Amino acid sequence: MDTAENSTLEQVAGEVRKNRGWLMFMGIVMIILGVIGLSMEVALTVVSVLYFGVLVIFGGAAMLIDAFRAGEWRTKIWHILIALVYIAAGVIMITNPAASAVWITLFLASFFVITGVFRLIIGLQSRGRVENWGWIVFAGVISMLLGFVIFAQWPVAGLWVIGLFVAIELILQGFSMISIARAVRPD
């Protein structure tokens, strides 16, 4: 490691050390929120879809504003149409979050199966050329299994899958924050 990298690493470690207590506290809060979320996946799913719907509406509104800045009339029409599709999708998500969650979950299940197949292929093609290629195959198989589990329980899975994923993410983020806080020694 050169001197610049060492300096940057020490600077980052110093910042983490300075905020160690806050990082530990936030990690604990994230874990608690994630555990609470595990007991209320449906509500967490609905809230997540509502939040996403609001973001999509704001994105569509920003696109609509930007559309009027487009130079040519032909491109302006397409920009406006795309913005209106965004806004319509956001309104649908807000007015019917359960149905939106069901369709988003169908997309997620498809995504997991397709990426799992691709990972499986990559892992098998890497056999003999890449050390630990088995982990790539394992990740592909797990991803496919996750997709198939969601498909098997669809459309009901749409009511709990997103909430479950958000809760798990909160827990994992909490453990990550605690791990980082514990990795640095206090001054």
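Placed above this text is the structure.
This write-up is about the structure you can find in this document. (Residues numbered from 1 in each chain as written. Predicted model: local features only at pLDDT ≥ 70, side-chain atom pairs only at ≥ 80, totals over all residues. Heavy atoms only, no water.)

Concerning the overall build of the protein chain
For step 1, the next point in the chain: Helix and strand counts for the protein chain stand at seven helices and zero strands.
For step 2, the next point in the chain: When its helices and strands are written in sequence order, the protein chain yields α-α-α-α-α-α-α.
For step 3, the next point in the chain: Against the 2.2 N^0.38 benchmark of 16 Å for 187 residues, the protein chain shows a C-alpha radius of gyration of 22 Å, more extended than a compact globule.
For step 4, the next point in the chain: The dimensions of the protein chain, computed from C-alpha atoms along their principal axes, are 60 × 40 × 40 Å. (Helix = DSSP H or I, 4+ residues; strand = E, 2+ residues; numbered from the N terminus. Rg over C-alpha atoms; globule rule 2.2 N^0.38 Å.)

Observations concerning the nonpolar core
For step 1, the next point in the chain: Of all hydrophobic cores here, the largest spans 11 residues; its members are Val49, Val56, Met93, Ala101, Leu108, Ala109, Phe112, Ile150, Ala157, Val161 and Ile162.
For step 2, the next point in the chain: Elements with a minimum of two residues in this core: helix H3 (41-67), helix H5 (97-126) and helix H7 (161-183).
For step 3, the next point in the chain: The biggest single contributor to this core is H5, with four residues.
For step 4, the next point in the chain: Setting aside chain neighbours within four positions, we find Met93 in contact with Val49, Leu50, Phe52, Gly53, Val56 and Ser100. (Core = buried A, V, L, I, M, F, W, Y, C linked by side-chain atoms within 4.5 Å. Buried < 20%, exposed > 50% of the residue type's maximum accessible area, 1.4 Å probe, protein only. Contact = heavy atoms within 4.5 Å.)

A closer look at the packing of aromatic side chains
For step 1, the next point in the chain: A full pass over the atoms with the stated rule returns five aromatic pairs.
For step 2, the next point in the chain: Between Trp103 and Trp154, the ring centres sit 5.4 Å apart and the planes meet at 65 degrees, which makes this aromatic pair edge-to-face. Taken together, the residues Trp103 in helix H5 and Trp154 in the loop between helix H6 (133-153) and H7 connect sequence positions 51 residues apart.
For step 3, the next point in the chain: For Trp154, a relative accessible area of 27% translates into the label partly exposed. (Phe/Tyr/Trp six-rings, centres within 6.5 Å; stacked < 30°, edge-to-face > 60°.)

Notes on the packing of H5 against H6
For step 1, the next point in the chain: Close contact between H5 and H6 brings their axes to 7 Å; oriented N to C, the two are set at 155 degrees. Overall, the two elements H5 and H6 adopt an arrangement that is roughly antiparallel. Crossing angle aside, the handedness with which H5 passes H6 is left-handed.
For step 2, the next point in the chain: Of the residues contributing to the contact of H5 with H6, the split by class is 18 nonpolar, nine polar and one charged. (Axes fitted to C-alpha atoms, helices over the stretch in contact; angles between N-to-C directions. Parallel < 35°, antiparallel > 145°, perpendicular 65-115°, else oblique. Left-handed = near helix turned anticlockwise from the far one by under 90°. Nonpolar A, V, L, I, M, F, W, Y, C, P; charged D, E, K, R; others polar.)

Re the side chain of Thr115
For step 1, the next point in the chain: Position of Thr115 among the secondary structure elements: in helix H5.
For step 2, the next point in the chain: Within the structure, the side chain of Thr115 is placed 3.4 Å from the backbone oxygen of Phe112, a separation counted as a polar contact. (Polar contact = N/O pair within 3.5 Å; in protein donor to acceptor, adjacent residues only side chain to side chain.)

Considering the packing of H3 against H5
For step 1, the next point in the chain: Relative orientation of the contacting elements H3 and H5 amounts to 90 degrees, with a least axis distance of 9 Å. The angle between the axes of H3 and H5 places the two elements in the roughly perpendicular class. Residue-level contacts link Thr45, Val46, Val49, Leu50 and Phe52 of H3 to Pro97, Ser100, Ala101 and Ile104 of H5.

A closer look at unusual backbone geometry
For step 1, the next point in the chain: Of note, the amide linkage connecting Trp154 to Pro155 takes the cis form, showing an omega dihedral of 10 degrees.
For step 2, the next point in the chain: Residue position: Pro155 is located in the loop between H6 and H7.
For step 3, the next point in the chain: Positive phi outside glycine occurs at Asn132, with the angle close to 65 degrees.
For step 4, the next point in the chain: Relative to the elements of secondary structure, Asn132 occurs in the loop between H5 and H6.

A short note on helix H2 (residues 20-38)
For step 1, the next point in the chain: Taking 1.5 Å as the rise per residue, H2 with 19 residues should run 27 Å; its terminal C-alpha atoms sit 27 Å apart, in good agreement.
For step 2, the next point in the chain: Regarding H2, the residues found buried are Leu23, Gly27, Met30, Ile31, Gly34 and Gly37. Down the axis of H2, the buried set is contained in an arc of 125 degrees. They therefore lie on one face. Among the exposed residues of H2, those pointing more than 90 degrees away from its buried face are Gly21 and Trp22. (Expected span 1.5 Å × (residues − 1). Arc of directions from axis to C-beta.)

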